[in-house]
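# What the coordinates show
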Amino acid sequence: MPMICLSDFEAYAKNHLPKMTWEFFAAGADECCTRDDNLLAYKRIRFRPRMLRDMSVMDTRTMLLGTEISFPVGIAPTSFHRLAWPDGEKSTARAAEAMNTCYITSTYSTCTVEEIAAAAPNGFRWFQLYIHRNRALSEGLVQRVEAAGFQGLVLTADLPYTGKRRADIRNNFQLPPHMAVKNFEGVFEEESCSEYGFPPNFIDPSISWNDIYWLQSLTRLPIIVKGILTKEDADLAVRHGVQGIIVSNHGGRQLDGGPATIDALTEIVDTVQDRVEVYLDGGIRTGSDVLKALALGAKCVFIGRPALWGLTYKGEEGLREVLQILHDEFRLSMALAGCHNVSEIGRNLVQFSKL
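A short tour of the structure in this document, coming up. (Residues numbered from 1 in each chain as written. Predicted model: local features only at pLDDT ≥ 70, side-chain atom pairs only at ≥ 80, totals over all residues. Heavy atoms only, no water.)

For the rest of this paragraph, the subject is the pattern of salt bridges. Following the criterion strictly, the structure yields 17 salt bridges and no others. A salt bridge links R135 to D204; the nearest nitrogen and oxygen atoms lie 2.9 Å apart. With R135 in helix α6 (residues 135-147) and D204 in the loop between α7 (166-171) and α8 (210-218), this residue pair connects regions lying 69 residues apart in the sequence. We note a salt bridge from E316 to R320, for which the minimum N-O separation is 3.2 Å. (Salt bridge = Lys/Arg side-chain N within 4 Å of Asp/Glu carboxyl O. Helix = DSSP H or I, 4+ residues; strand = E, 2+ residues; numbered from the N terminus.)

This part covers the layout of surface pockets. A volume near 370 Å³ is recorded for the largest pocket. Broken down by element, the lining of the largest pocket gets its largest block of residues, three residues, from helix α10 (residues 261-272). Here the lining of the largest pocket is composed, by residue class, of nine nonpolar, four polar and four charged. (1 Å grid on protein atoms, 1.4 Å probe; cavity = no way out; pocket = protein on both sides within 12 Å on 5 of 7 lines; lining within 4 Å. Points joined across faces, edges and corners; volume = space filled by probe spheres on them. Nonpolar A, V, L, I, M, F, W, Y, C, P; charged D, E, K, R; others polar.)

This part covers the packing of aromatic side chains. Scanning all chains against the criterion turns up 14 aromatic pairs. Taking the centre distance of 5.2 Å and the plane angle of 65° together, the rings of Y108 and Y130 count as edge-to-face. One end of the pair, Y108, is in the loop between β5 (102-105) and α5 (113-119); the other, Y130, is in the loop between β6 (124-129) and α6, and 22 residues separate them in sequence. Y130 matches Y108 in its accessibility class, with the two residues each being buried. Between the aromatic rings of F124 and W126, the centroid separation amounts to 5.8 Å while the plane-to-plane angle is 85°, which identifies the pairing as edge-to-face. Judged on exposure class, the residue F124 and its partner W126 are both buried. Three or more aromatic residues link up through ring pairs in this structure, and these residues are F24, F25, F80, Y108, Y130 and F173. R125 extends its terminal NZ or CZ atom over the ring of F150, reaching a point 5.3 Å from the ring centre. (Phe/Tyr/Trp six-rings, centres within 6.5 Å; stacked < 30°, edge-to-face > 60°. Buried < 20%, exposed > 50% of the residue type's maximum accessible area, 1.4 Å probe, protein only. Lys NZ or Arg CZ within 6 Å of the ring centre and 35° of its normal.)

Every buried residue of helix α4 (residues 89-98) is listed here: E89, S91, T92, A93, A95 and A96. Looking at the buried positions of α4, the neighbouring elements they touch are β4 (73-75), β5, α5, β6 and α12 (305-337). N100 lies just past α4 and shows a positive phi near 55°. (Contact = heavy atoms within 4.5 Å.)

Next up on the list: the nonpolar core. Counting 105 residues, the largest nonpolar core has F80, Y108, I245, I262, L265, L280 and I345 as the members making the most contacts within it. The element contributing the most residues to this core is α12, with 14 residues. Ignoring any residue separated from it by four or fewer positions in sequence, one finds Y108 in contact with S79, F80, E89, Y130, V181, Y196, F198, F202 and I203. With 13 residues, the next largest nonpolar core counts C102, I246, C300 and F302 among its residues. (Core = buried A, V, L, I, M, F, W, Y, C linked by side-chain atoms within 4.5 Å.)

Viewed as axis vectors pointing N to C, α6 and α8 meet at an angle of 50°, and their least axial separation amounts to 10 Å. Accordingly, the angle class assigned to the pair α6 and α8 is oblique. In terms of crossing hand, the pair formed by α6 and α8 is right-handed. Where α6 approaches α8, its residues R135, S138, E139, V142 and E146 are matched on the opposing element by D211, W214, L215 and L218. (Axes fitted to C-alpha atoms, helices over the stretch in contact; angles between N-to-C directions. Parallel < 35°, antiparallel > 145°, perpendicular 65-115°, else oblique. Left-handed = near helix turned anticlockwise from the far one by under 90°.)

Now the structure itself:
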């Protein structure tokens, strides 16, 4: 059967992954209201398309902090890619490089940052960071990331503690014994690693805005803060000198009952006023979703679960197919809405449904 849309890859992954793995990838927190609303919120937005605009020449390219990408869809940080495909994050990096877009590698990778960089030496990559209670571990990882040629540091702000994901608790989710969180391999051998491959209380819950300054003292890399959902925090992020904001609710895996990311986007864009770049993840399933997010002010969107579905299907090739489908759907949506390039996509392109 041909794979023609992202839901085809979702169905394939659901049918082919072990139940525990599928539920780990799919899980939201508590009742999954926020996870589900991330998708439903796009259905409440309608286009105001323009006609007779000569769409014979079009351009989907954009820039992320000065680096050109082929279209405004990157790969969000998700953990444990070897659960989806044997080569894990190495395949993810190759697919992103082939499609000329940005891949944000997770702290929870099943390949090391050095292996990922070697797999796609010309790739454009940022690194997502969780801060460990032992700050020296995080400091060492930041130095390795910079040495490996990563071009940005993404600090996750929404996880002082892990959200309550019922499926993982019921399944007693564990990494298989032949896999490890490779960037920390050998560090925790004396401790029992219960929570997602780490010892309990691995992440430092005392993290605060002052840690932005700490990170700036460690690295010259631009810092992007991920997990912002309000104008108040967007303003604090700008005032603390970050270069970018990812509007994110962690795929609905942290606080259940928070806003869908597309609904939170507008107040953040209006507050930031082009002082930093604003991106978004959560709920992107079609090229028209990408167009809606850009119309409401996102510079770029990032996909999480769909990347894992693509890896499950055929590794690097499967993920390239997912990205190519989104690219083609986005280009077609732009054409049908009357936008020649990303700079023409603005808020006058959308309206919220009266229903």
